[in-house]
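# Report on the structure
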Amino acid sequence: MISEVGGEGFHEDVVDILKQHFHLICLKEFLKNPVLHGPKIQAMLMWNYSPAAEPSLLSCLPSLKVVANGGVGIDHLDVPYINSLGVKVANTPGVVSDATADMAMALLLASARMVVEGHLISVDSKTTSVPQNLMGVEVTGSTLGIIGMGHIGYKVAQRSKGFNMRILYHNRNRRSVEDEQAVGASYCEKLDDLLNESDFVVLVVNLTPETTGLISHRELSLMKPTATLINVSRGLVVDQDALVKALKSGTIRAAALDVTHPEPLPRDHPLLSLPNVLITPHTGTNTHATIRKMVHLMSTMFISSQSSAAAFKGFTLVMPAVAVGNVGQLAVDLLVSTLNMSRAGYFHTDCLIPMAGNNPYASCKEDAEELHTPAEVYTAAELKLAVLQIRAPIIQTRSKKFRQQLVSWIKASGFSRTVVLSSSHSYQRDDQQLQGTPLRYLITPSLLTASADALKELGWREMERIPAFPGVKDADVEPRLCIPGGGITKGLYTDSCDEDLPLAVLLLFCSEGDNIPDAFALVNHLNDWLHLLDSQSQEPNSKWKVPTSWSLLFGSGIPPALF
Ligand SMILES: O=CC(=O)O
């Protein structure tokens, strides 16, 4: 259920994504016959705070499983109450961060340089001369105080570094020294110090009981009279009456707000008539690219391995086989990291050794604390690409079951093709496999039809079938496919042939050891086919972004002092 298409609901531009995944019903339609529709609704997708997840509505939705919020802030949701109904709450972190940080910078710059005032003068029919007294304040080299150094706050810092700003931040937890150094930010344990010293104060906190009214009379009075307050978090973080007073009396220079309380403000609200306020209507995430990412994340988080909905219709799936040197997994790591893929969900299976760990692609401490599991699905919607990363060994006796689960999920999800990245023991190569490239492919008949031309152009080499008894050419016995060390590769390929599944295997002969160069070789090979990264680079490996977790790949090594 959604509130509506257009108006205050989901933008027309994203409805195609929703329709790919759901049978949509709008609130108005639902309300015409709640008894009929109620039991069918499994997900409520909120946009712009609606439909409101109120008891009167939720009680009509006995089959509801998830309330998914478009946006990261869920302060408008009573999460314990919703959970008590057996309903999960989801939001869209990560994908909103860039656009929101951009908005913070837009407000900061516009307020500092009086962009809106300048525009109004420029288009005013009475303007006859260029005003000399429209004076802004300098951004470059000034001091920025970021309150809330989460994902978005950190991105504000990254941007401000380019303006040569001195960056202070206040956060519940101090970030790592590496995070601080990367953007040149200094931690202010005391909020008061940050307020005292900053020329621009940006609010990027979540709204919680602790942050409600965080900026009130006392805090504003600590700020410089030349300072600007920028708010991209929630209106209630600022005591608006105190802000009106501070702006009127010159306690601070100006405020630039993407958020207010309420939204929009009553038309006679004093903030609206102050000359030193810039207000935008909570449009921090409003870019076509970002709303599509948000909606895609909201949609794909529901996909279950049991689901029969073709959730990834037309997508290419790339997945590793857990094989020699984990080359496939490392190659998939490079894809997720470089393409900045979003985690869309988990592949639920009882066939992998259970494990959990930190986020392997974390770019900051906060991200690193996210828990990750052995089989996760990531997507890059624009590229119609999904990957299933597998991080644990398959339980030996469950290999067949795992393959069956994979095949049925791949089929149900509607992938147009699957590419398995794999490897095989170098030392077990057959004579004919010893020369030339160590890269091989396999392709199922149903994918061959679609890819024959591409393969011809690539000039790739197919994995050779080898005689059943090495050295003995027995015409009665068909040569066999043999992938030593390849894990489920052979089984998955054979199952896919039987099931008519469009699947290719790209594999590399290699040995256990430092398999990073092998991973680059395999992912570059994949890229030659799929053109996921087109950047021309002299050094083919440098176009890939190495995930942070790779620094832990080989332990801490042998102490150099030994040599
Ligand atoms: O306000 C925007 C969000 O919560 O993502």
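That block above? That's the structure.
Residues numbered from 1 in each chain as written. Predicted model: local features only at pLDDT ≥ 70, side-chain atom pairs only at ≥ 80, totals over all residues. Heavy atoms only, no water.

What follows covers the overall build of the protein chain. Check the secondary structure of the protein chain and you find 19 helices and 19 strands. The buried share of the protein chain, taken over its 563 residues, is 50%. Within the protein chain, residue pairs in contact and separated by at least 24 positions form 68% of the contacts whose partners lie at least 6 positions apart. As displayed, the protein chain has an accessible area near 27,200 Å², and 54% of this comes from carbon and sulfur atoms. (Helix = DSSP H or I, 4+ residues; strand = E, 2+ residues; numbered from the N terminus. Buried < 20%, exposed > 50% of the residue type's maximum accessible area, 1.4 Å probe, protein only. Contact = heavy atoms within 4.5 Å. Areas by Shrake-Rupley, 256 points an atom, 1.4 Å probe, with all protein chains shown as cover.)

With that settled, the discussion passes to the site of the ligand. Taken together, the residues surrounding the ligand are Gly71, Val72, Gly73, Arg234 and His282. At a separation of 2.7 Å, an oxygen atom of the ligand approaches a polar backbone atom of Val72. Between the ligand and Gly73 there is a distance of 2.8 Å, counted from an oxygen atom to a backbone nitrogen or oxygen. For the ligand, whose unbound accessible area comes to 190 Å², protein coverage reaches 86%. Counted by class, the shell around the ligand contains one nonpolar, three polar and one charged residues. (Near = heavy atom within 4 Å. Polar contact = N/O pair within 3.5 Å; in protein donor to acceptor, adjacent residues only side chain to side chain. Nonpolar A, V, L, I, M, F, W, Y, C, P; charged D, E, K, R; others polar.)

Attention now goes to the environment of Thr208. Looking at the element boundaries, Thr208 is found in the loop between strand 7 (200–203) and helix 11 (217–222). For Thr208, a relative accessible area of 27% puts it in the partly exposed group. Spatially, the C-alpha atom of Thr208 lies 9.8 Å from that of Ile74, the residues being 134 residues apart in sequence.

With that settled, the discussion passes to helix 13 (residues 288–300). The end-to-end C-alpha distance of helix 13, which contains 13 residues, comes to 18 Å, matching closely the 18 Å that a straight helix rising 1.5 Å per residue would cover. Here the buried face of helix 13 lies against helix 1 (15–21), strand 1 (43–46), strand 2 (66–69), helix 6 (97–112), strand 12 (342–346) and strand 15 (375–380). (Expected span 1.5 Å × (residues − 1).)

All chains considered together, the criterion is met by 12 aromatic pairs. Seen in terms of ring centroids, Tyr361 and Tyr378 are 5.5 Å apart; in terms of plane orientation they differ by 90°. Their pairing is edge-to-face. Pair noted here: Tyr361 is in the loop between strand 13 (357–358) and helix 15 (365–368) and Tyr378 is in strand 15, with a separation of 17 residues, a long-range link. For Tyr361, a relative accessible area of 15% corresponds to the buried category. Relative accessible area serves as the criterion here: at 2%, Tyr378 is assigned to the buried category. The cationic tip of Arg417 hangs over the ring face of Trp529; the distance from NZ or CZ to the ring centre is 5.3 Å. (Phe/Tyr/Trp six-rings, centres within 6.5 Å; stacked < 30°, edge-to-face > 60°. Lys NZ or Arg CZ within 6 Å of the ring centre and 35° of its normal.)

Right, let's talk about the sheet that holds strand 11 (residues 316–320) for a bit. Read across the open sheet, the seven strands follow the order 12-15-16-11-17-19-18; overall the sheet is mixed. Every interior strand has two partners, whereas the edge strands, strand 12 and strand 18 (439–443), have only one. Taking each pair of neighbouring strands and ignoring which way they run, the sheet shows an average axis angle of 25°. As paired elements, strand 18 and strand 19 (residues 503–510) share five bridges and run antiparallel to each other. In the strand pairing of strand 19, Leu439 is matched with Leu508. Sheet contacts for helix 14 (residues 327–338): strand 11, strand 15, strand 16 (385–390), strand 17 (417–425) and strand 19; angle to strand 16, the most-contacted strand, approximately 135°. (Pairing = 2+ DSSP bridges. Axes fitted to C-alpha atoms, helices over the stretch in contact; angles between N-to-C directions.)

Moving on to helix 6. Over its 16 residues, helix 6 extends 22 Å from the first C-alpha to the last, a length consistent with the 22 Å expected when each residue adds 1.5 Å. Helix 6 sits mainly inside the fold: 12 of its 16 residues count as buried. All of the buried residues in helix 6 are Ser97, Ala99, Thr100, Ala101, Met103, Ala104, Met105, Leu107, Leu108, Ala110, Ser111 and Ala112. One or two residues past the end of helix 6 sits Met114, with phi positive at roughly 50°.

Attention now goes to the sheet that holds strand 7. Read across the sheet, seven strands follow the order 6-5-4-7-8-9-10 without closing on themselves; strand pairing throughout is parallel. Edge positions in the open sheet fall to strand 6 (185–187) and strand 10 (277–279), since each of these has one partner strand only. Here the average twist between neighbouring strands, direction ignored, is 20°. Where strand 7 meets strand 8 (residues 228–231), four bridges bridge the pair, whose relative direction is parallel. Paired with Val202 across the two strands is Ile230, which belongs to strand 8. Along the sheet, helix 12 (residues 240–249) makes contact with strand 8, strand 9 (254–257) and strand 10, crossing strand 9 at roughly 140°.

The next thing to look at is the pairing of strand 7. Residue alternation in strand 7 divides its side chains into two sets, Phe200 and Val202 and Val201 and Leu203, and both sets are buried. Handedness of the crossover joining strand 7 and strand 8 through helix 11: right-handed. (Right-handed = clockwise from strand over helix to strand, strands pointing away.)

Next up on the list: the nonpolar core. A general feature of soluble globular proteins is that nonpolar side chains tend to end up buried together. Within the largest apolar cluster, 46 residues are counted, with the highest numbers of intra-cluster contacts made by Phe10, Leu45, Leu108, Leu144, Ile146 and Phe200. Tallying contributions element by element places helix 6 first for this core, with seven residues. Sequence-distant contacts of Phe200, defined by excluding residues within four places in its chain, comprise Leu108, Ala112, Val137, Glu138, Val139, Ser142, Thr143, Leu144, Gly145, Met165, Thr228 and Ile230. (Core = buried A, V, L, I, M, F, W, Y, C linked by side-chain atoms within 4.5 Å.)

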